[in-house]
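Chains, contacts and geometry: an overview
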Amino acid sequence: MSGEERSDRTESSTHDAPVVAPEELRRAVEEAARERGWRAAADVIQRHWDLYATRLPGVMLEALKGMPGEVFVERPSMLVAADYLQQVASGQDAGRFHDGAGDLFGGAREPRELLDSLIALTARAAGARSEGALDTALMRALEARRMLDRADESSRGHVREALPHLMFQWGRCRDLADADGAIAEYERSYDLATITNQTEVARRAAGSLAWLLAERGRLSDARSWLAKAHAAHRESPRYDGVLSLTAALVAADAEEYDGAERELERIAEGTIGEYWAALLWVRANIARGPLAPVVVRHAIVGEMERRDRKLYVAGANRRCLLRAAFAVEPEAGFPSALDSAAHPDDPGPVDIVRRAQVLYRAKSFVAGRAQARAALASSPSVRDEAAAQLVLAASEFALGSWDAARTAFRRAHALISHEGLSRSYRTIAETDLRALADLSGTSVPDAPATEGTASDARDPASPSVDSLTRRERELLALIGEGLSFADIAGSLFISPNTVKTLTRNLYRKLGVHSRAEAVARSHDLRWPRPARP
């Protein structure tokens, strides 16, 4: 339906609907909200504003209390209307307020008071965010925060009831734009909403914060905020999708895939909203078997085709889509639309980690090691740091740098164990994982029996150990120790030329073309490792 059609329909319903008696107005608002949603309830308020706002402000104020909480987030100017009615009902000077009806239903005004200005900035920020203009949304949100911080205590006290809603919106702008401060805004929104008994806003703030923490790999904190969200006993199917989404990610990270699928089934159709890219990533994480990754891959492409490009070429949505694409198709490069959006001169941690993984899977261990080190120097999240440490460990191991491999793996293991990120172990090949666990003296969980092919970094079709001669096995073990050809010749009491001939035959049997690839293939063959230094 076009905007003009909606306008005509609203105007028609406004003129045709009967006037409700003052004593029945709140009931009419609640009934409209229950049966047709908050927009219908707002329509009831609109139809009666001129009739009751000045003559019976207490009636209008009581009717506003019957509105669902979400309307004050979706249409913050309702808060100005409520404040205006309170001033009129108490006999105070209401002349300093703008015309509540005009603002409430689309009229233009010049913001004057603190609340008016904060609402105007927040509305612009939310509008820009919904259009994918993340820089503009962030700028408006930061401007609103600075304005509030500069206000005196008395002024802040007057807008206290409105702040949880506004802070939540500021947090969403920072969150989607990948800017610092989102966690702090969500926490402030939750705390103030709890104090002022705005349970729905508290639940939304806690849920969004839980997701943000889980996405970054801070699962212990995410679980805590999930519990706080559920403790706000006011369920809202429209906004609770993020709670199930977060629970699904936590379950997937623990490799509890059935539990993750059950959580996703709890999400009502059409309620995921701004978390659409996050949903694709979680679905990609639990895609098992040969067909599921294909289905998810097509879903990713479909969502990118039907949405405005501005909504996913930057920020949190781009990051989630990159993770989703890599989860279902790890050998592929960046999806073209996302790759072109990358900043080659200033790539983010997710971009660098993903490149390191691609290089590792291609057995380009020197380049993979360099990218993993670059990722660790880019202030990555816990999730990305664990992945980078694993790639670094596996690359160092393949290159024969035992001490460096052991150190990197122990760091990754500590992060994964503390947060419950078991699925991160699948960043590297299972054979490398077992070898590194042995090297570092740690224990890691077995891969689930249903683990899909997308997670396996190596070709399972490896040559048999039995195809190698005794001398070739000795040669392979010495290559794995990092010895030069001259040192190998001395150890085996043969000439350097013989070593070269044996090495060529060994490479041919293993299907490799370099020393690093030979070491990596020996891992696939579960070849006994040389004695640890």
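From a predicted model like this one, the values you see are computed outputs, not experimental measurements.

So, the overall build of the protein
For the protein, the count of helices and strands is 29 helices and 0 strands. Expressed as a percentage of its 533 residues, the buried residues of the protein come to 53%. Split by element, the accessible area of the protein, about 24300 Å² in all, is 49% carbon and sulfur.

With respect to the packing of aromatic side chains
Taken as a whole and assessed by the stated rule, the structure comprises 6 aromatic pairs. Seen from their ring centres, Phe-397 and Trp-402 are 4.8 Å apart, and the 80° between their planes marks the pair as edge-to-face. The residues Phe-397 and Trp-402 share a single accessibility class, namely buried. An aromatic cluster of three or more residues is present, and its members are Trp-211, Tyr-275 and Trp-281. The ring of Trp-225 is capped by Lys-228, whose NZ or CZ atom sits 4.0 Å from the centre of that ring.

Regarding the packing of helix α13 (residues 199-215) against helix α14 (residues 219-231)
Where α13 contacts α14, the two axes come as close as 8 Å, and the packing angle between them is 165°. Relative to α14, the element α13 lies roughly antiparallel. Pair α13 / α14 crosses with left-handed handedness. Only Leu-219, Asp-221, Ala-222, Trp-225, Leu-226, Lys-228, Ala-229 and His-230 of α14 make contact with α13, whose side of the interface consists of Arg-203, Ala-206, Gly-207, Leu-209, Ala-210, Leu-213 and Ala-214. Across the contact of α13 with α14, the residue classes break down as 10 nonpolar, 2 polar and 3 charged.

Re the confidence of the model for the protein
Of all residues in the protein, 79% attain a pLDDT of 70 or more, and the chain-wide mean is 80. Mean pLDDT across the elements of the protein ranges from a minimum in helix α7 (residues 100-104), with 40, to a maximum in helix α12 (residues 182-195), with 96. Confidence over residues 1-15 falls short of pLDDT 50; this stretch has 9 contacts with residues more than four positions distant or in other chains. Here residues 93-112 is modelled with pLDDT under 50, and outside its nearest four sequence neighbours on either side it reaches 41 contacts, counting other chains as well.

Some points on unusual backbone geometry
Residues other than glycine seldom take positive phi values, yet Asp-178 does so here, at roughly 60°. Within the element layout of this structure, Asp-178 appears in the loop between α11 (163-176) and α12. Here Lys-363, not a glycine, exhibits a phi torsion of approximately 65°, which is positive. With respect to the helices and strands, Lys-363 occurs in the loop between α21 (349-361) and α22 (365-376).

Focus on the nonpolar core
Of all hydrophobic cores here, the largest spans 86 residues; its most connected members are Trp-211, Leu-245, Phe-409 and Leu-436. Broken down by element, the residue count for this core peaks at 10 residues, all from α13. Here Trp-211 is in contact with Val-242, Leu-245, Thr-246, Leu-249, Tyr-275, Ala-278, Trp-281, Val-282 and Cys-320, once residues within four sequence places are set aside. With 25 residues, the next largest nonpolar core counts Ala-28, Val-44, Leu-64 and Leu-85 among its residues.

Considerations on helix α19 (residues 315-328)
Count 3.6 residues to each turn of an α-helix, and residues three or four apart come out pointing the same way. Here α19 is 14 residues long and its end C-alpha atoms lie 21 Å apart, about the 20 Å a rise of 1.5 Å per residue gives. Buried residues dominate α19, accounting for 14 of its 14 residues.

Re helix α23 (residues 382-398)
Over its 17 residues, α23 extends 24 Å from the first C-alpha to the last, a length consistent with the 24 Å expected when each residue adds 1.5 Å. At the C-terminal side of α23, Gly-400 shows a positive phi close to 85°.

Things to note about the side chain of Arg-406
Along the chain, Arg-406 falls in helix α24 (residues 402-419). Judged by its relative accessible area of 12%, Arg-406 is buried. Within the local environment of Arg-406, its side chain forms a polar contact with the backbone oxygen of Leu-439, the two atoms lying 3.3 Å apart.

Here's the deal with the pattern of salt bridges
Scanning all chains against the criterion turns up 33 salt bridges. Put simply, Glu-185 and Arg-174 hold a salt bridge, and the shortest N to O gap is 3.7 Å. Placement of Glu-185 in helix α12 and of Arg-174 in helix α11 is noted, with a sequence separation of 11 residues between them. Each member of the pair, Glu-185 as well as Arg-174, is classed as buried. Here Arg-288 makes a salt bridge to Glu-261, at a shortest N to O gap of 3.1 Å. You can see Arg-288 sitting in the loop between α17 (276-285) and α18 (292-306) and its partner Glu-261 sitting in helix α16 (residues 257-265), a full 27 residues away along the chain.

Re the environment of Ala-128
Position of Ala-128 among the secondary structure elements: in helix α8 (residues 114-130). Along the primary structure Ala-128 and Arg-140 are separated by 12 residues, whereas in three dimensions their C-alpha atoms are 9.0 Å apart. When residues no more than four places from it in sequence are discounted, the contact partners of Ala-128 are Ala-133, Thr-136 and Ala-137.

Things to note about the packing of α24 against helix α25 (residues 430-440)
Following both chains from N to C, one finds α24 and α25 inclined at 100°, their axes separated by 9 Å at the closest point. By the angle between their directions, the pair α24 and α25 is classed as roughly perpendicular. Contacts from Trp-402, Ala-405, Arg-406, Phe-409 and Arg-410 in α24 reach Leu-433, Leu-436, Ala-437, Leu-439 and Ser-440 in α25. Partitioned by chemical class, the residues of the contact of α24 with α25 number 7 nonpolar, 1 polar and 2 charged.

Some details on the environment of Val-296
Along the chain, Val-296 turns up in helix α18. Taking C-alpha positions, Val-296 is 8.4 Å from Ala-324, a pair spaced 28 residues apart along the chain. Each residue touching Val-296, except ones within four places of it in the same chain, is listed here: Leu-280, Arg-283, Ala-284, Ala-287 and Val-328.

Some details on the environment of Gly-66
With respect to the secondary-structure elements, Gly-66 resides in the loop between α4 (57-65) and α5 (70-74). Each residue touching Gly-66, except ones within four places of it in the same chain, is listed here: Arg-26, Val-29 and Glu-30.

A word on the side chain of Arg-423
Mapped onto the elements, Arg-423 comes out in the loop between α24 and α25. Accessibility expressed as a relative area gives 17% for Arg-423, which makes it buried. Here the side chain of Arg-423 touches Asn-285 through a polar contact of 3.2 Å, landing on its backbone oxygen.

Rules and cut-offs
Residues numbered from 1 in each chain as written. Predicted model: local features only at pLDDT ≥ 70, side-chain atom pairs only at ≥ 80, totals over all residues. Heavy atoms only, no water. Helix = DSSP H or I, 4+ residues; strand = E, 2+ residues; numbered from the N terminus. Buried < 20%, exposed > 50% of the residue type's maximum accessible area, 1.4 Å probe, protein only. Areas by Shrake-Rupley, 256 points an atom, 1.4 Å probe, with all protein chains shown as cover. Phe/Tyr/Trp six-rings, centres within 6.5 Å; stacked < 30°, edge-to-face > 60°. Lys NZ or Arg CZ within 6 Å of the ring centre and 35° of its normal. Axes fitted to C-alpha atoms, helices over the stretch in contact; angles between N-to-C directions. Parallel < 35°, antiparallel > 145°, perpendicular 65-115°, else oblique. Left-handed = near helix turned anticlockwise from the far one by under 90°. Contact = heavy atoms within 4.5 Å. Nonpolar A, V, L, I, M, F, W, Y, C, P; charged D, E, K, R; others polar. pLDDT = per-residue confidence, 0-100. Core = buried A, V, L, I, M, F, W, Y, C linked by side-chain atoms within 4.5 Å. Expected span 1.5 Å × (residues − 1). Polar contact = N/O pair within 3.5 Å; in protein donor to acceptor, adjacent residues only side chain to side chain. Salt bridge = Lys/Arg side-chain N within 4 Å of Asp/Glu carboxyl O.

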